[in-house]
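# Structural description and commentary
Residues per chain are reported as follows:
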Amino acid sequence: MRRLWFRMLLALTLTTAAPAAAQALAPAEDPVDFDGAYLVDTTATLSASDLTRIEDAADALFDAHGTALFLVVVDRFTGPSDGPSWANRSAELSGLGGDDILLAVAVGDRELAYSVDEDFPLSNDRIDDVIDDTLIPALRDDDWAGGVVAFADGLDEALDPGPPWLLLIGVAVVVAVLAGFGVRAGIRAARARRAARADEAELDRLDSRADALLVELDDSVRTSTQELGFAAAQFGDDATAPFQSALTGARDLVTQAFEQMRLVDDEEAETPAERRALLESIIALCTQADAALDAQADAFDDLRALEREAPRLREELAAAQPDVSARIGAARAIEADIRTRYGDAALASVEGSVEQAARLDAFAAVELGRAEQSLRDGQPGVAAVRIRSAQQALGQIDELLTGVVSLTESLSAAAVRLAAAVADTRADLAAAREAVLDDTADAAELDAAADAAERAIGDAEQLPPPDALTAVDAADAELTAVSSRVLGRSADRDRALAEWERAIATAREAILRTRGFIDTRRGIIGPRARTRLTAAESRYGAALAHAAVDDPLAATTAARQAAAQAGRALDIARDDVRRDDPLPPSYDDAGERAAFSGGILDGLFSGWGSGSSGGGSRSGWSSSSRSSWRSSSSRSSSSSRSSSRSSSSSSRRSGGSGSSSRRSGGRRF
């Protein structure tokens, strides 16, 4: 049975597709995560027949030697810009194993690179020989598929064992060497292996610690922000000014930590020493942010002595519950209307929101009932804990339901932008179909881009408007780029401005949807989704900066990258919600589970206000509330971050978790 080898990464293509621009403006490519695929082509260089030829050659290589060939075709390398480092970083991101070889080809810069595990059976010199004999001649003639096929065949030949007498000679040489150096070399090798294992274990420990602190502090900052809003409304801005200052400082530190974690995850390959320095810096930033919050914890507790206001607050919250129930009913109707008009996929960013709101509503009712009983029993401190939980639950219900309502508006706006994008694409299609080219290769390339644009328009009706808009814009950008190159047409400024407006609106809405999803489920969402979202927000800021200096082409590219990063963050967050359920088994109540997933029960688990008739709120501010048992569960996310890169491979994947030591090479052609 043929293996499913080629799974094209459409999301990556959309992320990196060039806007309407000349070839000189084609985007550089950061290292890629194959994410279970074996081929990534962001340039549409390879045709369907090319893919079939490469697949056959790669299958033969794997069947003969168990060696999996991974191929990535981009315009040029960046982050890092040298090919060998770029290939190594892509291999590490993808978790490639000891029998895997990654081949990267930058068609624009006419450069290639490869990456293999340190223990790969062929030396760099031998691989270079295969490249010189098979790959380089074909690539110089722009025979991309032919070069890759020849390279796979060359590897097959190079991996074949030699005659037995060569093996005997090799054994004799080894025996001679061992006779003189075996004992000492063995001792040195054993020491080196022990040191390497110790270093790897220490890096894993730092990685887990950094992940746990990032999640813990991010949750604390967001919880503290909400609590500060409540306190300011009750006591005034002047009284809460010191807390606002501490919170702003902590938020800035956490943002810096997320930026450094993005470097650990997404950017240039680091040496072990560089990785250690980054992780230690992340831990230091989180510790500093924690200290900034803790410095105000006791004063904040005094200010938030809820038991003094407990009776009044309980009555106000109980009176608001009927309106909440009515809003939940209305949101169900909106959700059903969205499903009817756009399909289930359109509800991804509010998946489970109405059900979560209903469970939180029930949770709040129970907590208010318990608070009333506590007040009757003369326990205002216990009542304050219950009232605070109900207050947070009702606040989160408002976020969840607002997200459902705003989704309707967002989808409608995206549908309008989609209609404009389709009209622009149809105009470009008409121009492309009318073009007459003498060069058959250029004509074929233009036809392929036009066919892809037509498919994107045809598929748009089956997708939610935001997804359809992303696909149509990407296909039109590729069509425009090809037209600019083969027909010599320059980019239209008015058109670029229109595309920028669409792209920035799409990115803004994608980020808001993802932020709302994570914030209302922060109790069970790990660092990977948060890191991706922070990267999306960074690219969105870059898009605005490009627009401010009147560079719509760069602004459009950055905005599209921001939207793609936000989409990826949402996918990861949804996976976290489906997979993770870290609540202790004793909490089998649906309302309590909903409260935990929303990050509401942190204070209760850490003993917030318990055991004291006058205890105030420490949720979000005290170090005890942030060192609850939940932080230990979040540490598992670091291992999932590395292991998930290799978990989705098909049968030809070697199954390794990725090598910590790789070697690489490359050259221009």
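This next bit is on the overall build of the protein. A tally of helices and strands in the protein yields 22 helices and 5 strands. Classification of the 669 residues of the protein by burial places 50% in the buried group. Look at the contacts in the protein between residues 6 or more apart in sequence, and 81% of them connect residues 24 or more apart. Accessible surface computed for the protein: about 28,600 Å², of which carbon and sulfur atoms make up 53%.

The next point concerns the packing of helix H10 (residues 310-342) against helix H11 (residues 353-376). It is at 10 Å that the axes of H10 and H11 come closest, and there the two elements cross at 165 degrees. Classified by the angle between their axes, H10 and H11 sit roughly antiparallel to one another. Seen from above, H10 lies across H11 with left-handed handedness. Only Val 354, Glu 355, Ala 357, Ala 358, Asp 361, Ala 364, Ala 365, Leu 368, Ala 371, Glu 372 and Leu 375 of H11 make contact with H10, whose side of the interface consists of Ala 310, Pro 311, Arg 314, Leu 317, Ala 318, Gln 321, Val 324, Ser 325, Ile 328, Ala 331, Arg 332 and Glu 335. In terms of residue class, the contact of H10 with H11 is built from 15 nonpolar, 2 polar and 6 charged.

Our focus in this paragraph is the pairing of strand S4 (residues 111-117). Along S4, 7 of the 7 residues are buried, which leaves the element largely enclosed by surrounding structure. The pairing of strand S3 (residues 100-106) with S4 spans 6 bridges and is classified as antiparallel. Its bridge partner being in S4, Leu 102 is matched across the sheet by Ser 115. Where S3 hands over to S4, the hairpin turn is made up of 4 residues, of which Arg 110 adopts a positive phi near 55 degrees. Pairing of S4 with strand S5 (residues 662-668), which is carried by 7 bridges, proceeds in the antiparallel orientation. Residue pairing for S5: Val 116 is matched across the bridge by Arg 663.

Before going further, it helps to spend a moment on the packing of helix H16 (residues 527-548) against helix H17 (residues 552-579). At a closest axis distance of 8 Å, the pairing of H16 and H17 adopts a crossing angle of 165 degrees. By the angle between their axes, H16 is roughly antiparallel relative to H17. As for the relative orientation of H16 and H17, their crossing is left-handed in sense. Residues Arg 528, Ala 529, Arg 532, Leu 533, Ala 535, Ala 536, Arg 539, Tyr 540, Ala 542, Ala 543, His 546 and Ala 547 of H16 lie in contact with H17, whose contacting residues are Ala 554, Ala 555, Ala 558, Ala 559, Gln 561, Ala 562, Gln 565, Ala 566, Arg 568, Ala 569, Ile 572 and Ala 573. Residue classes in the contact of H16 with H17 are distributed as 17 nonpolar, 3 polar and 4 charged.

For the rest of this paragraph, the subject is the packing of aromatic side chains. Taken as a whole and assessed by the stated rule, the structure comprises 4 aromatic pairs. On the numbers, 4.7 Å between centres and 40 degrees between planes, the contact of Phe 77 with Trp 86 is tilted. The residues Phe 77 and Trp 86 share a single accessibility class, namely buried. Here Trp 144 and Phe 669 contribute two aromatic rings whose centre-to-centre distance is 6.1 Å and whose plane-to-plane angle is 75 degrees, an arrangement assigned as edge-to-face. Residue Trp 144 is located in helix H5 (residues 144-159), and its partner Phe 669 is located in the segment after S5; the two are separated by 525 residues in the primary sequence. Exposure remark for Trp 144: the relative accessible area of 15% places this residue in the buried category. Assessed through its relative accessible area of 14%, Phe 669 is described here as buried. Through successive ring pairs, a cluster of aromatic residues spans Phe 34, Tyr 38 and Phe 70.

Moving on, we get to the sheet that holds strand S1 (residues 39-41). If you trace the 5 strands from one edge of the open sheet to the other, you get S1-S2-S3-S4-S5, paired in mixed fashion. Only two strands of the sheet have a single neighbouring strand rather than two, namely S1 and S5. For this sheet, the mean inter-axis angle between neighbouring strands, taken without regard to orientation, is 15 degrees. Here 3 bridges tie S1 to strand S2 (residues 68-74), and the two strands are oriented parallel to one another. Directly across from Asp 41, in S2, lies its bridge partner Val 73. The strands touched by H5 within the sheet are S2 and S3, with S3 carrying the most contacts at an inclination of about 155 degrees.

Turning our eyes to something else, we now look at the pattern of salt bridges. Within the structure shown, the criterion is met by 36 salt bridges. Salt-bridge contacts for Asp 75 lead to Arg 76; the nearest nitrogen and oxygen are separated by 3.5 Å. For Arg 76, a relative accessible area of 26% gives the class partly exposed.

A turn of α-helix holds 3.6 residues, and therefore any two residues three or four places apart point the same way. Given a rise of 1.5 Å per residue, 23 residues ought to cover 33 Å, and the 31 Å separating the end C-alpha atoms of helix H14 (residues 465-487) matches this to within 8%. In terms of burial, H14 is largely enclosed, as 18 of its 23 residues are buried. Directly beyond the C-terminal end of H14, a positive phi value near 75 degrees is found at Gly 488.

Next up on the list: the confidence of the model for the protein. Of all residues in the protein, 73% have pLDDT values of 70 or greater, and the mean over the chain is 76. When the criterion is pLDDT under 50, residues 1-27 qualifies, and its contacts beyond four places in sequence or with other chains add up to 71 contacts. Note on residues 621-659: pLDDT under 50 across the span, and 109 contacts to partners over four residues away in sequence or across chains.

By secondary structure assignment, the location of Arg 308 is in the loop between helix H9 (297-303) and H10. Sequence separation between Arg 308 and Ala 384 is 76 residues; the distance between their C-alpha atoms is 8.7 Å.

With 34 residues, the main nonpolar core has Leu 46, Leu 69, Leu 71, Leu 103, Ile 131 and Phe 151 as its most contacted residues. Elements represented by at least two residues in this core include exactly helix H2 (48-65), S2, S3, S4, helix H4 (124-140) and H5. Aside from chain neighbours lying at most four places away, what touches Leu 103 is Leu 69, Phe 70, Leu 71, Val 72, Ala 113, Leu 135, Val 148 and Phe 151. Among the nonpolar cores identified, the runner-up in size contains 29 residues, and Ile 338, Tyr 342, Ala 393 and Leu 394 belong to it.

This paragraph deals with unusual backbone geometry. In this structure, Ala 44 is a non-glycine residue whose phi angle is positive, near 55 degrees. Along the chain, Ala 44 falls in the loop between S1 and H2. Here the phi dihedral of Asp 142 falls at roughly 60 degrees; this positive angle occurs in a residue that is not glycine. Topologically, Asp 142 is positioned in the loop between H4 and H5.

Conventions we followed
Residues numbered from 1 in each chain as written. Predicted model: local features only at pLDDT ≥ 70, side-chain atom pairs only at ≥ 80, totals over all residues. Heavy atoms only, no water. Helix = DSSP H or I, 4+ residues; strand = E, 2+ residues; numbered from the N terminus. Buried < 20%, exposed > 50% of the residue type's maximum accessible area, 1.4 Å probe, protein only. Contact = heavy atoms within 4.5 Å. Areas by Shrake-Rupley, 256 points an atom, 1.4 Å probe, with all protein chains shown as cover. Axes fitted to C-alpha atoms, helices over the stretch in contact; angles between N-to-C directions. Parallel < 35°, antiparallel > 145°, perpendicular 65-115°, else oblique. Left-handed = near helix turned anticlockwise from the far one by under 90°. Nonpolar A, V, L, I, M, F, W, Y, C, P; charged D, E, K, R; others polar. Pairing = 2+ DSSP bridges. Phe/Tyr/Trp six-rings, centres within 6.5 Å; stacked < 30°, edge-to-face > 60°. Salt bridge = Lys/Arg side-chain N within 4 Å of Asp/Glu carboxyl O. Expected span 1.5 Å × (residues − 1). pLDDT = per-residue confidence, 0-100. Core = buried A, V, L, I, M, F, W, Y, C linked by side-chain atoms within 4.5 Å.

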